[in-house]
Amino acid sequence: MPYENLLYEKREGIAYVTVNRPKVLNALNAATMRELGECFAGIAGDPEVRVVILTGAGEKAFVAGADINELAVLTPLEAQETTLRGQAVLERIENLGKPVIAAINGYALGGGCEIAMACTLRVASENARLGQPEVKLGIVPGYGGTQRLPRLVGAGLALQMVLTGEPINAAEAYRIGLVNQVVPAAELIPTCEALAKKIMANGPVAVRLAQEAVHRGLNMTLSEGMNLEATLFALACATEDSKEGTRAFLEKRPARFAGR
Ligand code: COA
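Bear in mind the structure is a predicted one, so any value in this text is a computation, not a measurement.

Rules behind the numbers
- Residues numbered from 1 in each chain as written.
- Predicted model: local features only at pLDDT ≥ 70, side-chain atom pairs only at ≥ 80, totals over all residues.
- Heavy atoms only, no water.
- Salt bridge = Lys/Arg side-chain N within 4 Å of Asp/Glu carboxyl O.
- Helix = DSSP H or I, 4+ residues; strand = E, 2+ residues; numbered from the N terminus.
- Expected span 1.5 Å × (residues − 1).
- Buried < 20%, exposed > 50% of the residue type's maximum accessible area, 1.4 Å probe, protein only.
- Arc of directions from axis to C-beta.
- Contact = heavy atoms within 4.5 Å.
- Core = buried A, V, L, I, M, F, W, Y, C linked by side-chain atoms within 4.5 Å.
- Near = heavy atom within 4 Å.
- Polar contact = N/O pair within 3.5 Å; in protein donor to acceptor, adjacent residues only side chain to side chain.
- Areas by Shrake-Rupley, 256 points an atom, 1.4 Å probe, with all protein chains shown as cover.
- Nonpolar A, V, L, I, M, F, W, Y, C, P; charged D, E, K, R; others polar.

Peer 1: Outline the pattern of salt bridges, listing residues and values.
Peer 2: Scanning the model with the defined rule gives 13 salt bridges in all. A salt bridge links Glu166 to Lys136, with the nearest nitrogen and oxygen atoms 2.7 Å apart. Here Lys136 lies in the loop between β8 (129-131) and α5 (145-153) and Glu166 lies in the loop between α6 (155-164) and β9 (168-169), a separation of 30 residues in the sequence. Two residues, Glu244 and Arg247, come together in a salt bridge whose shortest N-O distance is 3.6 Å.

Next comes the structure, spelled out in structure tokens:
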């Protein structure tokens, strides 16, 4: 389905989703958020897609935040609806059941940093800059920034970023664990593809369950998380893939996973 503000492509098990508003540094207006929601709903139900790579069009920005033209005229109730709708789109990305890799190819500010944090893995190009500049506009992060950032980098560094509004460069984002890897711009998509292929070589059900264990576990106490892990471990052990994976190791051959 053609989108107004997104590019969508599917190749060899990887879906490529590109936010495509380069003239405004891929700022997220309501129409783009709606399209992202629809696009990820389609991906969730498409068994051909094993991993998603999310990026921004052009060489300057991943996503430079929510569209400030729209933010400037919101009433309080519209603002609440906008936030809740946006949070739901990001939750869909986070809980897609397939890994989503953010290829951060430049500015990832406000909603851009937030959408990257809802992804499973983050790879940044050397020119990337990440931040939550909302307080500079007199507002606060609204797509989960106040919640996911402290979970990723700890409360102290998150508060520094959220309260100063100052962006950090890619090297600093790597140092504090906000991104997994930093590479030259030309290597960004190939690096993400290599990561995707490593994941795709593994048991698909195991990948889904392991991701679920981490994400759901983060919102539980340690003992609840351990219980969840034990249940998902048992479920994984009941799959054909677990029989194939263990047998292949013992027979010293590559596994052929069926995803069952
Ligand atoms: N919403 C709407 N338009 C945006 C935007 C946003 N979040 N971010 C950038 N743009 C637009 C600019 O208004 C400009 O439009 P114009 O060409 O019609 O003037 C265009 O994108 C290019 O941006 P510009 O500011 O000229 O580029 P720059 O290289 O000088 O600065 C940034 C880049 C990212 C530092 C700067 O654009 C910026 O601070 N953007 C806002 C970031 C932000 O606060 N995001 C959080 C929103 S909650």
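Peer 1: Describe helix α3 (residues 76-94), and please don't skip the residues or the numbers.
Peer 2: Compared with an ideal rise of 1.5 Å per residue, which puts 19 residues at 27 Å, α3 spans 27 Å between its outermost C-alpha atoms and is within 8% of the ideal. Considered for burial, the residues of α3 that qualify are Gly86, Val89, Leu90, Ile93 and Glu94. In an axial view of α3, the angular spread of the buried residues amounts to 140 degrees, which keeps them on one side of the axis. Of the exposed residues in α3, those oriented more than 90 degrees away from the buried face are Leu77 and Arg85. At its buried positions, α3 is contacted by α1 (30-44), β5 (100-104), α4 (111-118), α5 and α9 (204-217).

Peer 1: Give a description of the nonpolar core that names residues and reports values.
Peer 2: Core analysis: the biggest nonpolar cluster contains 45 residues, and Leu36, Ile104, Leu130 and Leu178 have the highest contact counts within it. Setting aside anything within four residues of it in sequence, one finds Ile104 in contact with Phe62, Ala116, Arg122, Val123, Ala124, Ser125, Ala128, Leu130, Val179 and Leu188. One finds Ile14, Leu188, Ala196 and Ile199 within the second-largest nonpolar core, a separate group that totals 15 residues.

Peer 1: Report on the site of the ligand, specifying residues and quantitative values.
Peer 2: What surrounds the ligand is a group of 16 residues, the closest being Val24, Lys60, Ala64, Ala66 and Ile68. Between the ligand and Lys23, the relevant distance is 3.4 Å, taken from an oxygen atom to a main-chain nitrogen or oxygen of the residue. In this structure, a nitrogen atom belonging to the ligand sits 2.9 Å away from a main-chain N or O atom of Ile68. Surface burial for the ligand is 57%, taken as the share of its 870 Å² of free accessible area covered by protein chains. The set of elements that each furnish at least two residues to the shell around the ligand consists of α2 (68-71) and β6 (107-109). Tallying contributions element by element places α2 first for the shell around the ligand, with three residues. Class assignment of the residues belonging to the shell around the ligand gives a composition of 11 nonpolar, one polar and four charged.

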